[in-house]
Amino acid sequence: MEAVPLAGLLPEEICQNLNVSPAFRGKQIFKWISLGAVSFDEMTNLPKDLRFSLEEKAVLRSSSVNQVLRDKDGSVKLQIKTRDGLLIETVLLTDIEGRKTACVSCQAGCAMACAFCQTGHLGFARNLTAAEIVEQFLFLEKECGELQNIVFMGMGEPMLNLESIRKAIAVLTHKEGRALGTKRITLSTCGIIKGIYDLADNGPKIRLALSLTTADPDLRAALMPVTKTNPLPEVRKAIDYYAKKSGRRVTLEAALLAGKNTGSESARRMIDFARGIDVNINLIPWNPIEALPFEEPSREECDAFVRSLEAAGLNVTLRRRRGAGIKGACGQLGSTKFN
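Notes on the structure in this doc start here. (Residues numbered from 1 in each chain as written. Predicted model: local features only at pLDDT ≥ 70, side-chain atom pairs only at ≥ 80, totals over all residues. Heavy atoms only, no water.)

### Things to note about the overall build of the chain
Quick reminder of the rule: Numbering of helices and strands starts at the N terminus; helices are DSSP runs of H or I of at least 4 residues and strands are runs of E of at least 2. C-alpha atoms define the radius of gyration, and 2.2 Å times the number of residues to the power 0.38 defines the globule rule. Working rule for contacts: check all heavy atoms of both residues, and any pair within 4.5 Å makes them a contact. Method for areas: the Shrake-Rupley scheme with a 1.4 Å probe, in which residue coverage is limited to the protein chains shown. A residue counts as positive if it is Lys or Arg and as negative if it is Asp or Glu; His and the chain ends are not included. We put the charge of a Lys on NZ, of an Arg on CZ, of an Asp on CG and of a Glu on CD.
Helices and strands together make up the secondary structure of the chain, namely 10 helices and 14 strands. For 339 residues, the compact-globule estimate of 2.2 N^0.38 gives 20 Å, and the chain sits close to it at 21 Å. For the chain, the spread of C-alpha atoms along the three principal axes comes to 70 × 45 × 35 Å. For the chain, restricting intrachain contacts to residue pairs at least 6 apart in sequence, the fraction spanning at least 24 positions comes to 66%. With an accessible surface of roughly 15,000 Å², the chain has 50% of that area assigned to carbon and sulfur atoms. Looking at charge distribution, the chain has the averaged site of its 45 positive side-chain charges lying 3 Å from that of its 39 negative ones.

### Quick word on the environment of P231
Looking at the secondary structure, you find P231 in the loop between α7 (217-223) and α8 (232-246). C-alpha of P231 to C-alpha of S53: the two residues are 178 residues apart in sequence and 53 Å apart in space.

### Quick look at the side chain of E301
Inclusion rule: Polar contacts, as counted here, are pairs of nitrogen or oxygen atoms within 3.5 Å of one another; within protein the pair requires one atom able to donate a hydrogen and one able to accept it, and residues that are adjacent in sequence qualify only if both atoms are side-chain atoms.
With respect to the helices and strands, E301 occurs in helix α10 (residues 299-311). Of note is the side chain of E301, whose polar atom sits 2.9 Å from the backbone nitrogen of G259. If we ignore the near neighbours within four places in the chain, the residues touching E301 are L257, A258, G259 and T262.

### A short note on unusual backbone geometry
Leave glycine aside and you will find that most residues have negative phi; peptide bonds, for their part, are mostly trans. Threshold: Relative accessible area decides the class of each residue, using a 1.4 Å probe on protein chains only: under 20% of the type maximum gives buried, over 50% gives exposed, and in between gives partly exposed.
Here the amide bond leading from S21 into P22 is cis, since omega sits at -5 degrees, within 30 degrees of zero. Turning to its location among the elements, P22 is positioned in the loop between α1 (11-18) and α2 (23-34). A cis amide bond, omega 5 degrees, links G203 with the succeeding residue P204. You can see P204 is positioned in the loop between α6 (193-202) and β11 (207-211). One non-glycine residue, T213, adopts positive backbone phi at about 70 degrees. Relative to the elements of secondary structure, T213 occurs in the loop between β11 and α7. A relative accessible area of 1% places T213 in the buried class.

### Some points on α1
Within α1 the residues assigned to the buried category are P11, E13, I14, C15 and L18. The inward-facing, buried residues of α1 abut β1 (4-5), α2, α3 (48-57), β2 (58-59) and α5 (162-173). A positive backbone phi angle near 55 degrees is found at N19, which sits one or two residues after α1.

### A look at the sheet that holds strand β3 (residues 64-70)
Our working definition: Each pair of strands is called paired provided DSSP finds at least two bridges between the two strands. In this analysis an axis means a line fitted to C-alpha atoms, helices contributing only their contacting stretch, and an angle means the value between N-to-C directions, from 0 to 180 degrees.
Taken together, the 10 strands give an open sheet; going across it, the order is β3-β4-β5-β6-β9-β10-β11-β12-β13-β14, and neighbouring strands pair in mixed fashion. Each edge of the open sheet carries a strand with a single partner, namely β3 and β14 (316-318). Recorded for the sheet is a direction-independent mean angle of 20 degrees between the axes of neighbouring strands. In this structure, strand β9 (residues 149-152) lies alongside strand β10 (residues 185-189), joined through 3 bridges in parallel fashion. Pairing of V151 across the sheet is with T186, part of β10. Sheet strands touched by α10: β12 (250-256), β13 (279-285) and β14. Its angle to β14, the strand with the most contacts, is close to 170 degrees.

### Let's talk about the nonpolar core
Short version of the rule: We call a set of buried residues a nonpolar core when its members are Ala, Val, Leu, Ile, Met, Phe, Trp, Tyr or Cys and they connect through side-chain atoms within 4.5 Å of each other.
Residues L6, F116 and L309 are the most contacted members of the largest nonpolar core, which totals 108 residues. When near neighbours in sequence (up to four residues on either side) are disregarded, L6 contacts L18, I29, I33, F40, A58, V59 and L60.

### Topic: the packing of aromatic side chains
Rules: Stacked, edge-to-face and tilted are the three classes for Phe, Tyr and Trp ring pairs, Trp counted by its six-membered ring, which pair at centre distances within 6.5 Å; planes under 30 degrees apart are stacked, over 60 edge-to-face, the rest tilted. We call a charge positioned above a ring when the Lys NZ or Arg CZ atom is no farther than 6 Å from the ring centre and deviates by at most 35 degrees from the ring normal.
On inspection of all chains with the given rule, the structure shows 2 aromatic pairs. Where Y197 meets Y241, the ring centres are 5.1 Å apart and the plane angle is 55 degrees; that geometry is what we call tilted. A residue pair is termed long-range when its members are at least 10 positions apart, and Y197 in helix α6 and Y241 in helix α8 qualify at 44 residues. On the basis of relative accessibility, which here comes to 28%, the residue Y197 falls in the partly exposed class. For Y241, a relative accessible area of 31% gives the class partly exposed. Aromatic pair W286 and F294: ring centres 5.9 Å apart, planes at 65 degrees, arrangement edge-to-face. Like F294, W286 is buried. Directly above the aromatic system of F139 lies the positively charged group of R61, at a separation of 5.5 Å from the ring centroid.

### A look at the environment of A243
Looking at the element boundaries, A243 is found in helix α8. Taking the relative accessible area as the measure of exposure, A243 reaches 8% and is therefore buried. Residues A243 and L180 lie 63 residues apart in sequence; the distance between their C-alpha atoms is 21 Å. Apart from residues no more than four positions distant in its own chain, A243 is found in contact with R248, V250 and D278.

If you want it as structure tokens, here you go:
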């Protein structure tokens, strides 16, 4: 019998799956996992016979850290190996206030094939389990200390693995464990309309980000094939619905590609797309990826684009580049050649 991965289970599920009683024992085990325990021997408030039983039937980590890379800006990237030998990456990002954010993956590879994203060129292997998602967070905390936020912006399209993400969020927000607030959790989608409505109607009420890149339908379809089955007018309706239903402002994200989506016409289309919806806009200068036919925009190009959006009354942030030195920045995951 394959050992049960515990990181993706709630206290009552630990009891049910491992025949543990009384119920408070499940809460104790759950708490130890949230504190980063790496062996059952650390769980000193459990009877020895229970610890021995757990050792036989369960695992605290179903995956393992293959390698750790550190950037001079404080970013950390972990390459993680799953039980079936797949490789995924997760990144710690630190902002100027020192707040730490886990950027986690939800799939091994990605099927979305966005032209400017390295992960999209890897192809799709499978969805990650809730345990594998939670384990990324725990591995980063073990390596870097307590984290304040989590973003589902790593490898894969979150809306195509929404149930595992829901379960991981239930674990990470549980009051007996890490107790993260939902305001500290963000999910980024390339625009899966069905998933946006599902999240709006069925929760959890977390922050939503749309990887928009451009509001030009033809250009977006060329850069992001998902646009062909999820047209921009319908995506716009979906995020407006999410903002109103959840009461949370939606973030529009755009990777700025030199000479592609930074001109005045691109600015006008983005303004029209954003007008009337409760959004803010994050602009991200494209991070270099070998063999992809794009260039980084100049600072002047970025600043001009920002000014155009701000002149229309939009709330715009030009994000600082983080993790590029270890190929852990936006769009670069899956490009590092590890030993």
